[in-house]
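Report on the structure
Spelled out from the first residue to the last, the chains are:
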Amino acid sequence: MSYKAIRLHLVLFLIIISNIVNMMFPKSMGFEIQTGIEYQLSKYTYGLCIILMFPSLFTGKKYYFNKMNGMAWLIMVYIVFGYALSMEFEIGNYLKTMMICLSFVFFEDVLKSDKLNRYMLYCYIFSVFLNVVYLIFLQNRLDAAIENEGHVRGGQGIANSIIYLLPLVFYKLNGKVSSLLFIVGAIAVFVSMRRSAILALLICVPFVYSYLKQNVSKYTALFLFVILIIGGYYIYNHYYYIIVDRFTDMFEASDSGYYGSSRTGWWKALIVLFIDSPMHWLQGFGLGKVAQCMVEAGFPFETAHNDYIEIGFTYGIIGLILWFGTILSIYRLSKMHYNNFDSSLLKMCVLSYLFIAIVSGASYQPHFMSVALFANLVLLKLPQKR
């Protein structure tokens, strides 16, 4: 096995380990143990992933995802200046963002064929869904959703990871298995009551329907349809009022509020500050400034819950161009000689994220690496030289 192949499979192995650790030691209703080896293990695995992916920045290649290459360097510069200027910021979040940026370049560098170890890939996919089943269905998250007016703390990463993983699931698994996982993920998304994931899931439905129509037998399609009807009926009867409340309270623009409400309030505060500070338009305010501004404004949380605002406020127009330029590169792939299946999955991937980015985002979500893996697997099928 080549050096690059070893690095590739080690990264997948570490993410699998991280998923298992997160399942064994989950967040509990907003409280998480900040000390102890159990909590730190997943962070260590992410750090090792960064070390393994880092050499790809020095290959001298002209990457298709060159903008994510630039974004990785930009984040490193900000971290160095942040420490030099003694800025207060959560280094873990920005290292996660850098890991995502590195993953686009890393997978393009090390993937030489579509024949990476399929068992490792299957374990990578199923470790995410195992997390979903365990944390939501076996850890009383369903009861917590009702008791806490539909809000499952920690559900954001769980639900959104399903959305990020869907293109890879449909790309690599057969129709029955991928359909079953989609149903599990859909139920988990509604149980978790994450607005961003619900929006993204609804965007996925037309693409999933098109795929099932071509790849699943009529009897299997009928069975899946019956399950969805039963599940939809249950969700409507038990969660309809919660779903409505979850979406309406987001637009109550009070000065501060509990988690999930008043998002337009804190978005407005950050946007106004950014507009009133033209000297920061190009390079942004730097690491940790979103959290600082929100705390000073009296909001209870320290992230913008919006990638457009989070990235723009932190890294300025430069960061926005680099980050979203990569997202547009993925969409551009859908126009380049692919069959309808590849094209549809790529579009689903981009459109789902663009909606997630409005009310949540992916810049701190390690599972967004699955988008990088999927896009690079499709990129390998380009007929012409790059």
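Basis of the calculations
- Residues numbered from 1 in each chain as written.
- Predicted model: local features only at pLDDT ≥ 70, side-chain atom pairs only at ≥ 80, totals over all residues.
- Heavy atoms only, no water.
- Helix = DSSP H or I, 4+ residues; strand = E, 2+ residues; numbered from the N terminus.
- Axes fitted to C-alpha atoms, helices over the stretch in contact; angles between N-to-C directions.
- Left-handed = near helix turned anticlockwise from the far one by under 90°.
- Contact = heavy atoms within 4.5 Å.
- Nonpolar A, V, L, I, M, F, W, Y, C, P; charged D, E, K, R; others polar.
- Buried < 20%, exposed > 50% of the residue type's maximum accessible area, 1.4 Å probe, protein only.
- Arc of directions from axis to C-beta.
- Phe/Tyr/Trp six-rings, centres within 6.5 Å; stacked < 30°, edge-to-face > 60°.
- Polar contact = N/O pair within 3.5 Å; in protein donor to acceptor, adjacent residues only side chain to side chain.
- Core = buried A, V, L, I, M, F, W, Y, C linked by side-chain atoms within 4.5 Å.
- Patch = residues over 30% accessible without salt bridge, like charges linked within 9 Å, V, L, I, M, F, W, Y side chains within 5 Å.
- Areas by Shrake-Rupley, 256 points an atom, 1.4 Å probe, with all protein chains shown as cover.
- Salt bridge = Lys/Arg side-chain N within 4 Å of Asp/Glu carboxyl O.

**Remarks on unusual backbone geometry**
A positive phi angle is found at His305, which is not glycine, with a value near 55 degrees. Along the chain, the position of His305 falls in the loop between α12 (289–296) and α13 (307–333).

**Regarding the packing of helix α11 (residues 263–275) against α13**
At a minimum axis separation of 11 Å, α11 and α13 run at an interaxial angle of 30 degrees. As for how α11 packs across α13, the hand of that crossing is left-handed. For the pair formed by α11 and α13, the contact residues are Trp267, Leu270, Ile271, Leu273 and Phe274 on the first element and Ile309, Gly312 and Phe313 on the second. Residues of the contact of α11 with α13, tallied by class, amount to seven nonpolar, one polar and no charged.

**Examining α12**
Burial in α12 covers these residues: Val290, Ala291, Cys293 and Met294. The buried side chains of α12 occupy one side of the element, clustering within an arc of 165 degrees when seen end-on. Its buried side turned inward, α12 meets α11 and α13. Following α12 by one or two positions, Gly298 adopts a phi angle in the positive range, close to 90 degrees.

**Some thoughts on the environment of Gly316**
By the secondary structure assignment, Gly316 is in helix α13. Sequence separation between Gly316 and Gly286 is 30 residues; the distance between their C-alpha atoms is 8.5 Å. Not counting chain neighbours up to four residues away, the residues in contact with Gly316 comprise His280, Trp281, Leu282, Gln283, Gly284 and Ile311.

**Remarks on the packing of aromatic side chains**
By the definition in use, this model includes 18 aromatic pairs. Each ring, one from Tyr94 and one from Tyr364, has its centre 5.9 Å from the other, and the planes form 80 degrees; the classification is edge-to-face. Separated by 270 residues along the polypeptide, Tyr94 in helix α4 (residues 91–110) and Tyr364 in the loop between α14 (340–359) and α15 (369–379) bring together distant segments of the chain. Across this residue pair, the class does not change: Tyr94 and Tyr364 are buried. Between the aromatic rings of Trp323 and Phe368, the centroid separation amounts to 6.2 Å while the plane-to-plane angle is 20 degrees, which identifies the pairing as stacked. One end of the pair, Trp323, is in helix α13; the other, Phe368, is in the loop between α14 and α15, and 45 residues separate them in sequence. Across the pair, exposure class does not vary: Trp323 and Phe368 are buried alike. Among the aromatic residues, those joined into a cluster by ring pairs are Tyr64, Phe65, Phe104, Tyr164, Tyr308, Trp323, Phe324, Tyr353 and Phe368.

**As for the side chain of Asp342**
Among the structural elements, Asp342 can be located in helix α14. A polar side-chain atom of Asp342 sits 2.9 Å from a polar atom in the side chain of Lys381. Residue contacts for Asp342: discarding those within four places in its chain leaves Tyr171, Val378 and Lys381.

**A word on the packing of α11 against α12**
The contact between α11 and α12 brings their axes to 11 Å, and the two run at 115 degrees. The two elements α11 and α12 meet at a crossing, and its hand is right-handed. On the side of α11, the interface is formed by Trp266, Leu270 and Leu273, while α12 contributes Val290, Cys293 and Met294. Tallied by class, the residues present in the contact of α11 with α12 amount to six nonpolar, no polar and no charged.

**Focus on the nonpolar core**
Counting 102 residues, the largest nonpolar core has Met71, Tyr124, Ile125, Trp323 and Phe368 as the members making the most contacts within it. Apart from the residues within four sequence positions on either side, Tyr124 is in contact with Leu12, Ile15, Ile16, Asn19, Leu165, Leu168, Met369, Ser370 and Leu373. Grouped together as the second largest cluster of nonpolar side chains are 13 residues, Phe285, Val290, Cys293 and Met294 included.

**What about a nonpolar patch on the surface?**
Taken together, the side chains of Met1, Ile6, Leu10, Phe13, Ile17, Ile20 and Met24 define a hydrophobic patch exposed on the protein surface, amounting to about 650 Å² of accessible area. Here Ile17 is to be found in helix α1 (residues 3–24).

**A closer look at the pattern of salt bridges**
Using the criterion set out here, one finds three salt bridges in the structure. The partner of Lys4 in a salt bridge is Asp109, with the nearest N and O atoms 3.0 Å apart. Taken together, the positions of Lys4 in helix α1 and Asp109 in helix α4 put the pair 105 residues apart, joining distant regions of the chain. Asp109 gets classed as buried once you look at its relative accessible area, which sits at 0%. Linking Lys61 and Asp109 is a salt bridge whose minimum nitrogen-to-oxygen distance equals 3.1 Å. With Lys61 in the loop between α2 (37–53) and α3 (66–84) and Asp109 in helix α4, this residue pair connects regions lying 48 residues apart in the sequence. For Lys61, a relative accessible area of 36% gives the class partly exposed. Each of the salt bridges in this network shares a partner with another, and the network as a whole consists of Lys4, Lys61 and Asp109.

Taken by themselves, the reported measurements are silent on function.
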